[in-house]
Amino acid sequence: MIVSRDWLAQYVKLDMSVEDLTAKLTMSGLNLEGYEAYGSDFAIDLEVTSNRPDCLGHLGIAREIAVLFGREHCFPNPALTATLPASAAPISVLIEAQADCPRYIARVIKGVKVGPSPAWMQKQLQAMGIACINNVVDITNYV
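Residues numbered from 1 in each chain as written. Predicted model: local features only at pLDDT ≥ 70, side-chain atom pairs only at ≥ 80, totals over all residues. Heavy atoms only, no water.

Tell me about the overall build of the protein, and please be specific about residues and values.
Assigned secondary structure in the protein consists of five helices and three strands. In the protein, the succession of helices and strands from N to C terminus is β-α-α-β-β-α-α-α. By the compact-globule yardstick of 15 Å for 143 residues, the protein is too spread out, its C-alpha radius of gyration being 19 Å. The principal-axis extents of the C-alpha atoms in the protein amount to approximately 55 × 40 × 25 Å. Among the 143 residues that make up the protein, the fraction classed as buried is 27%. (Helix = DSSP H or I, 4+ residues; strand = E, 2+ residues; numbered from the N terminus. Rg over C-alpha atoms; globule rule 2.2 N^0.38 Å. Buried < 20%, exposed > 50% of the residue type's maximum accessible area, 1.4 Å probe, protein only.)

In structure tokens form, the structure reads like this:
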């Protein structure tokens, strides 16, 4: 899995060198495949074993770094607001296999204009080797 050092720095203080960071991550069981400079950022390729699903994303790796280096971490707290009550939603969802899918959530987002993603998002995605297409595709890859 490739993670961006700059992206990780949004969640935990990274004042150590990339060598020190990757050495400590390796010692914790996240095997380092390598890292590569991408402008001022680094793309860090880690092998995440099947017993560490908690590290399958930037938040999990940032949490691991916080523990390894004795740092505080700060994670985003997204707040979504509904503009319509659920009964007035313009779509409906029918779950045909309740045993296999006990819950499904849908959200309608209106007023989205397809265009380029913000530069900061493009930079973070490109550092991980993901091609930027447009704001709709890129936000899906970002999440």
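Having seen it, we continue.
Can you lay out helix α4 (residues 119-127) for me, pointing to particular residues and giving the numbers?
Taken together, the buried positions of α4 are occupied by Met121, Gln124, Leu125 and Ala127. Buried residues of α4, viewed axially, fall in a sector of 165 degrees; they line one side. Next to the buried residues of α4 lie β1 (2-4), α1 (5-8), β2 (31-38), β3 (41-47) and α5 (135-142). (Arc of directions from axis to C-beta. Contact = heavy atoms within 4.5 Å.)

Summarise the environment of Asn141; cite the residues concerned and give the values.
Here Asn141 shows up in helix α5. For Asn141 and Ile130, which are eleven residues apart along the polypeptide, the C-alpha to C-alpha distance reads 8.1 Å. Not counting chain neighbours up to four residues away, the residues in contact with Asn141 comprise Leu125 and Ile130.

A description of the nonpolar core should follow, citing residues and the corresponding values.
In terms of nonpolar packing, the biggest core is built from 24 residues, with Leu8, Leu14, Leu21, Leu30, Leu46, Ile61 and Ile65 touching the most fellow members. Elements supplying a minimum of two residues to this core: α1, α2 (18-27), β3, α3 (58-69) and α4. The element contributing the most residues to this core is α3, with five residues. (Core = buried A, V, L, I, M, F, W, Y, C linked by side-chain atoms within 4.5 Å.)

Limitation: the analysis is restricted to geometry and does not speak to function.
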